[in-house]
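# Structural features, examined
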Amino acid sequence: MVTGRDDSHHHIGGPTEKCGVVGVALGGRDAARPLYYSLYALQHRGQESAGIVTHDGFQQHSHVQMGLVGDAFGADDLDGLKGEAGIGHVRYPTAGDVSKSCAQPFAVSFKSGSLGLAHNGNLVNADELRDELENFGHAFTSTGDTEVIAHDLARNLLEEDLVRAVKRTMERIHGSYALTIMHDETVLGVRDPEGNRPLCIGKLDDGYVLASESAAIDTLDGELVRDVKPGELVVLDPDGSGFDSYQLVERDNTAHCFFEHIYFARPDSVMNDTLVYEVRRGLGRKLWDENGVDTDVVMPVPDSGRAFASGYAEAAQEDDATVEFAEGLMKNRYVGRTFIMPTQDERERAVRLKLNPIKSTVEGKSVTLIDDSIVRGTTSNQLVQLLYDAGATEVHMRIGAPPIVAPCYMGINMATREELIASDKSVEEVRDTIDADSLGYLSIDAVAEVLEKSRADLCLGCVTGEYPYDIDGEATDRDVSRPVVGAEAPLSD
Ligand code: SF4
């Protein structure tokens, strides 16, 4: 069970990101410490487990532990991770058990070498592939879909060279994946053909790095080269001197997760050539254009609403609204993820422990409260109440994303349809439930406009209920079908 876990690092009661991946190839020094620092930079993407796999030219070394990056590795562990190339992973469980057997990177030795795999995303045809591979005699040690990819790749590597083996696996797996892979001492990066999860390439003085987000490259004093393209395989030279690129699968349209820009990614990361912080400010400006309300103060829900609120207030002031930007909710930074909420009743106290309103900013004022999204609605309701209790005369809620109406199958721990407040309620009904004076969301078109993407190039599954992948029992938003695997599968050329 993952309920009761707190994710105060980011957003109270919000969805949780699945994973962060990294890969490093250096010339002349061990990769373990740069991998460790990168994982620190990606900690917001997963707090359940952390792991590093390296290769010293002769053998693989692996250290994978439950817990935060800082707790998972000691200096001795890092010293034992020999080799100038390696991959790393931080995980929040989505597919598979919450147990060490699903922690990553997944490492395996097979006839023609060793493999390590770190996966961000979620396959939607993992069960079919697992059945097929089990019929071929593969034995699985975990319930996660990453092991399925590893076994499929290991099997293909017995017959093909590295690039063709990856291509064959990509033709068989369906769903969302950004992978860093280690085949002996060679580090690879792969992004699914829809580019659903992010992955980028960075250059260091003495090597190259692959990472879910560019903030990890910054941490290593590196420079962002570019995003890995959807359907692209990047192979880092083991001596850190460069990389090769292979466009293995091409599609007419991509399906970037728009939620990365809204919420998951660090604001200081650059994705799709744009700084996430600036995108969030742009979304906030649009929110004013579409749904502005002139109140005494506008304030963010810390920290998730901050960039949106700053853009919103700026656009409001340009329109001569008298609204003042203020931080009216203060966060207790020391309420950590180990905080235990024994009962549902205590959840209200959890909000009070984490956030305290500044009375003098709120009392006697009409307030616009800005957040990035509403998932279950319970937190929004408590925040509205908190502001009324502090003396607000009106509380208007503005949200920097469209209503979330459907679950995510691509690896985001969102909520079920039953839990999502907007899945069966109109905006007015949600407003009534959270008890705000008014409620306004951002439109899907505004999101596409600010992200400078057409709707056809975004995954909008959680806000439309139509998905870019072929998922059992769900509608698709494009002409897409699962690859045929098993006995009927055509042989790859
Ligand atoms: S369904 Fe939503 S959260 Fe999931 S990948 Fe698509 S846009 Fe992202």
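A short tour of the structure in this document, coming up. (Residues numbered from 1 in each chain as written. Predicted model: local features only at pLDDT ≥ 70, side-chain atom pairs only at ≥ 80, totals over all residues. Heavy atoms only, no water.)

It is worth spelling out the overall build of the chain at this point. Summing up its helical and strand segments, the chain has 16 helices and 26 strands in all. Relative to the compact-globule value of 23 Å for 493 residues, the chain shows a C-alpha radius of gyration of 23 Å, a close match. By principal-axis analysis of the C-alpha atoms, the chain measures approximately 70 × 50 × 45 Å. Expressed as a percentage of its 493 residues, the buried residues of the chain come to 59%. A separation threshold of at least 6 residues defines the contact pool for the chain, and within that pool the share at least 24 residues apart is 70%. A total accessible area of about 19,200 Å² is found for the chain, and carbon and sulfur atoms account for 45% of it. Within the chain, one finds 45 positive and 84 negative side-chain charges whose respective centroids are separated by 2 Å. (Helix = DSSP H or I, 4+ residues; strand = E, 2+ residues; numbered from the N terminus. Rg over C-alpha atoms; globule rule 2.2 N^0.38 Å. Buried < 20%, exposed > 50% of the residue type's maximum accessible area, 1.4 Å probe, protein only. Contact = heavy atoms within 4.5 Å. Areas by Shrake-Rupley, 256 points an atom, 1.4 Å probe, with all protein chains shown as cover. Lys, Arg positive; Asp, Glu negative; His and termini not counted. Charge placed at Lys NZ, Arg CZ, Asp CG, Glu CD.)

This part covers the sheet that holds strand 7 (residues 175-183). Taken in spatial order, the six strands of this open sheet run 5-6-7-8-12-13, and their pairing is antiparallel. Here the strands that pair on one side only, and so sit at the sheet edges, are strand 5 (106-110) and strand 13 (243-247). On average, each strand axis in the sheet is inclined to that of its neighbour by 20 degrees, with strand direction left out of account. Direction of pairing for strand 6 (residues 113-123) relative to strand 7: antiparallel, over a ladder of nine bridges. Across the sheet, residue Leu-123 finds its bridge partner in strand 7, namely Gly-175. Against the sheet, helix 5 (residues 145-157) makes contact with strand 5, strand 6 and strand 7, and its axis sits at roughly 135 degrees relative to strand 6, the strand it touches most. (Pairing = 2+ DSSP bridges. Axes fitted to C-alpha atoms, helices over the stretch in contact; angles between N-to-C directions.)

Another point: the site of the ligand. For the ligand, the full set of nearby residues is Asn-196, Arg-197, Cys-257, Phe-258, Phe-259, Cys-408, Met-410, Ile-412, Met-414, Cys-459, Gly-461 and Cys-462. Across the shell around the ligand, the residue classes tally to nine nonpolar, two polar and one charged. (Near = heavy atom within 4 Å. Nonpolar A, V, L, I, M, F, W, Y, C, P; charged D, E, K, R; others polar.)

Turning to the packing of helix 4 (residues 126-135) against helix 5, a few remarks are in order. Packed helices, taken two at a time, are described by their axes: the angle between them and the distance between them. Taken N-terminus to C-terminus, the directions of helix 4 and helix 5 make an angle of 45 degrees; their axes are 10 Å apart at the nearest point. What the angle tells us is that helix 4 and helix 5 run oblique. Seen from above, helix 4 lies across helix 5 with left-handed handedness. For the pair helix 4 and helix 5, the contacting residues are Ala-126, Leu-129, Arg-130 and Leu-133 in the first and Asp-145, Val-148, His-151, Asp-152 and Arg-155 in the second. Considered class by class, the residues forming the contact of helix 4 with helix 5 number four nonpolar, one polar and four charged. (Parallel < 35°, antiparallel > 145°, perpendicular 65-115°, else oblique. Left-handed = near helix turned anticlockwise from the far one by under 90°.)

On to the pairing of strand 6, then. Extensive coverage of strand 6 is indicated by the burial of ten of its eleven residues. Here strand 5 pairs with strand 6 via five bridges, running antiparallel. Each bridged residue has a counterpart across the sheet, and for Ser-109 the counterpart in strand 6 is Ser-114. Taking the residues between adjacent antiparallel strands as the criterion, strand 5 and strand 6 are bridged by two residues.

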